[in-house]
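Observations on chain architecture
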Amino acid sequence: MVIEAASKQRQLIIDFLIIGAGVSGLSCAIALRRVGHRVVVVEREKEIGQSDVGRGVRLPPNLSKILYRWNLKSEVSAFAAKSKQIQISRLDTGDRLGDHYWDDEVLRETQGEFLFGHLADLRKMMYDVAVGQGATVRLATTAVSVDPERRAVTLGSGETLTADVVIGADGAFGLVRPMLLNEQGIQEATKPTMCMYSATVLKALVEKDPQSKHFYEHEVISMFSFFGNNQSVISHPTGGLSCFTFTLFRPHDEYESSPSEGMRAALKSVVPRLRNLGPMISQPRRFPIFEHPPLKDWLADSGRVVVVGGAAHPIPTGSTQQYAMGLEDAAVLAKLFSHLATDSQITDFLYAFQELRQTRAQAVLTSETRVIHYMGMPNCPDQEARDRAMQAKHKAGVHLFSGEDESAEWAEIKTVFGYDAEDEADNWWVTWVRRWNREMQ
């Protein structure tokens, strides 16, 4: 049959050059090596994880299932802890609003798990896997310019690297996204609307405090969410449970002098078990959150330079899906390029990648932004109605994600968790082959 001829052509192996060894860049390196392509990654950090101090990370089911499919479950289990429960309370009073135990059947449907870890551990694991699979990762190497026509990247040393495809995985304010914005005549956001503060505290210190030790007095590993007036907190143990991490969202204050000052101000009027963590924090981190304009195209005009992860679709820092989107990008890109047979298909596959990912990424961005605002809803009648509805479920013994009257926010989250990036790429390929067959007949 013609369809068999189209789908069984000999694979063409090409060279990919990836700028950035964050989660998105390393995911692409792993995924592309898995399907046989040659990969070089350049990263300005001298050591992977160097910039990740104080950064806990949540690994939702749509992320973990990709790593599991890549046969990395044992590597993930070595640094990540499995979440069993979410507790939601008021940030100012500590009053319980509700809780939810992850349903085993729901997780089986998503084919993943909800995990906690440390960002540095996730990146180090992915670096080891990428190198182990044959990717070349050049640390302490800064890319200073990109020539899309030549698919060439010039390094700070003056050296120039070329490839068949250049992937910008260097974030919203890296090298490649600004170049695409300029090509498309789009102005980047310059003023943050919110800030995310991140910190970790040693378990031993948490357990010494009469109020804060509550976080470790649970039969199951839990995530604690606190809904407040224009601010919110998500907190949980990190993998290995040796540290406790929390992420705090609040409006951006341009007059704030330091992350420590901002965090102290935010913790002044919160529940004691969180407030008491303040003095235990030595190195809080502050990350501005911008409302980035969407790119019209994720490819340069030349067609062989593409962006992924935060360079393509910046997700608010600290959100649950921040790193999952980069893994989904990598899984789709590699699935498509596993079918590469001719040089002429390269640009087609890159545009297919954008077609498959752009709508999904925008939907997740909208969802994650809505969740942050939902948690930090200002005190008002809508907030009171939200709290009453959640508390009514809790008093009735109904989990937040259960029942016919589940909120639109939670229904949306479950849809996000259930997404299968590789299935989407497979479906595109089948459709493409059928169209090719019709044209050949």
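Residues numbered from 1 in each chain as written. Predicted model: local features only at pLDDT ≥ 70, side-chain atom pairs only at ≥ 80, totals over all residues. Heavy atoms only, no water.

**Topic: the overall build of the protein**
Secondary structure summary: the protein contains 15 helices and 18 strands in total. In the protein, which comprises 441 residues, the proportion classed as buried is 55%. Contacts spanning at least 24 positions in sequence make up 75% of the contacts within the protein whose residues lie at least 6 apart. Only carbon and sulfur atoms are counted for the fraction: they give 48% of the accessible area of the protein, which is about 18900 Å². (Helix = DSSP H or I, 4+ residues; strand = E, 2+ residues; numbered from the N terminus. Buried < 20%, exposed > 50% of the residue type's maximum accessible area, 1.4 Å probe, protein only. Contact = heavy atoms within 4.5 Å. Areas by Shrake-Rupley, 256 points an atom, 1.4 Å probe, with all protein chains shown as cover.)

**A few points about the side chain of R386**
You can see R386 is positioned in helix α13 (residues 381-395). A relative accessible area of 5% means that R386 is categorised as buried. Polar contacts involving the side chain of R386 include one to the main-chain carbonyl oxygen of Y374, which spans 2.5 Å. Residue contacts for R386: discarding those within four places in its chain leaves R90, F227, Y374, M375 and M377. (Polar contact = N/O pair within 3.5 Å; in protein donor to acceptor, adjacent residues only side chain to side chain.)

**Section: the environment of V166**
Position of V166 relative to the elements: it lies in strand β12 (residues 165-168). Distance from V166 to V306, taken between C-alpha atoms, is 6.4 Å for residues 140 residues apart in sequence. In contact with V166, other than residues within four places in its own chain, are L17, I19, R151, V153, R304, V305 and V306.

**Some words on the sheet that holds strand β1 (residues 15-19)**
Strand order in the open sheet formed by five strands is β8-β2-β1-β12-β18, with parallel pairing between adjacent strands. Edge positions in the open sheet fall to β8 (136-138) and β18 (305-307), since each of these has one partner strand only. Direction aside, the axes of adjacent strands within the sheet are offset by 20° on average. Sheet topology places β1 next to β12; four bridges connect them, and they run parallel. Paired with I19 across the strands is G168, a residue of β12. (Pairing = 2+ DSSP bridges. Axes fitted to C-alpha atoms, helices over the stretch in contact; angles between N-to-C directions.)

**What about the UniProt feature "transmembrane region" (unreviewed entry) in the protein?**
Residues annotated by UniProt as "transmembrane region" (unreviewed entry) correspond here to residues 12-32. With 48% helix and 24% strand, residues 12-32 has end C-alpha atoms that lie 13 Å from one another. (UniProt positions renumbered as here; feature names shortened; annotations may be inferred.)

**So, the nonpolar core**
Formed by 87 residues in total, the largest nonpolar core has its most connected members in W70 and F337. By residue number, the principal contributor to this core is helix α11 (residues 324-337), which donates nine residues. (Core = buried A, V, L, I, M, F, W, Y, C linked by side-chain atoms within 4.5 Å.)

**So, the sheet that holds strand β10 (residues 152-155)**
Strand order across the open sheet formed by three strands is β9-β10-β11, with antiparallel pairing between neighbours. Two strands lie at the open edges of the sheet, namely β9 (143-147) and β11 (160-162), each paired on one side alone. Averaged over all adjacent pairs, the angle separating strand axes in this sheet is 25°, with direction ignored.

**Notes on the confidence of the model for the protein**
This prediction gives the protein a mean pLDDT of 88; 90% of its residues lie at or above 70. Ignoring residues within four places in sequence, the model shows residues 1-8, a span with pLDDT below 50, making 10 contacts including any to other chains. (pLDDT = per-residue confidence, 0-100.)

**Looking at the packing of helix α2 (residues 23-34) against helix α6 (residues 119-132)**
It is the contact of α2 with α6, at a shortest axis distance of 9 Å, that shows an interaxial angle of 25°. With respect to each other, α2 and α6 are oriented roughly parallel. In the packing of α2 onto α6, the handedness of the crossing is left-handed. Along its contact with α2, which presents V23, L26, S27, A29 and I30, the element α6 presents L119, L122, R123, M126, Y127, V129 and A130. The residue inventory of the contact of α2 with α6, partitioned by class, reads 10 nonpolar, one polar and one charged. (Parallel < 35°, antiparallel > 145°, perpendicular 65-115°, else oblique. Left-handed = near helix turned anticlockwise from the far one by under 90°. Nonpolar A, V, L, I, M, F, W, Y, C, P; charged D, E, K, R; others polar.)

**Points about the pairing of β1**
Consecutive residues of a regular strand have side chains that alternate between opposite faces of the sheet. Counting buried positions along β1 yields four of five residues, so the element is predominantly enclosed. Sheet topology places β1 next to strand β2 (residues 38-42); five bridges connect them, and they run parallel. Its bridge partner lying in β2, F16 is registered against V39. Between β1 and its parallel partner β2, the chain crosses via α2, and the hand of that crossover is right-handed. (Right-handed = clockwise from strand over helix to strand, strands pointing away.)

**Things to note about the environment of M196**
The topology assignment puts M196 in strand β13 (residues 194-202). Separated by 92 residues in the primary sequence, M196 and P288 place their C-alpha atoms 6.3 Å from one another. When sequence neighbours within four positions are dropped, the list of residues in contact with M196 reads R55, T247, L248, F249, R285, R286, F287, I289, T317 and G318.

**Side note on empty space enclosed by the protein**
Think of a ball as big as a water molecule: rolled over the atoms, this probe shows where empty space is left. Tallying each qualifying case throughout the model produces two cavities of 30 Å³ or more. Taken as a whole, the second largest cavity encloses approximately 110 Å³ of empty space. Looking at the second largest cavity, it is lined by 13 residues, and the ones nearest its centre are G56, V57, R58, G318 and Q322. Going through the elements one at a time, β3 (56-59) and β13 are the ones with two or more residues in the lining of the second largest cavity. In terms of residue count, β3 provides more of the lining of the second largest cavity than any other element does, three residues in total. By residue class, the composition of the lining of the second largest cavity is three nonpolar, eight polar and two charged. (1 Å grid on protein atoms, 1.4 Å probe; cavity = no way out; pocket = protein on both sides within 12 Å on 5 of 7 lines; lining within 4 Å. Points joined across faces, edges and corners; volume = space filled by probe spheres on them.)

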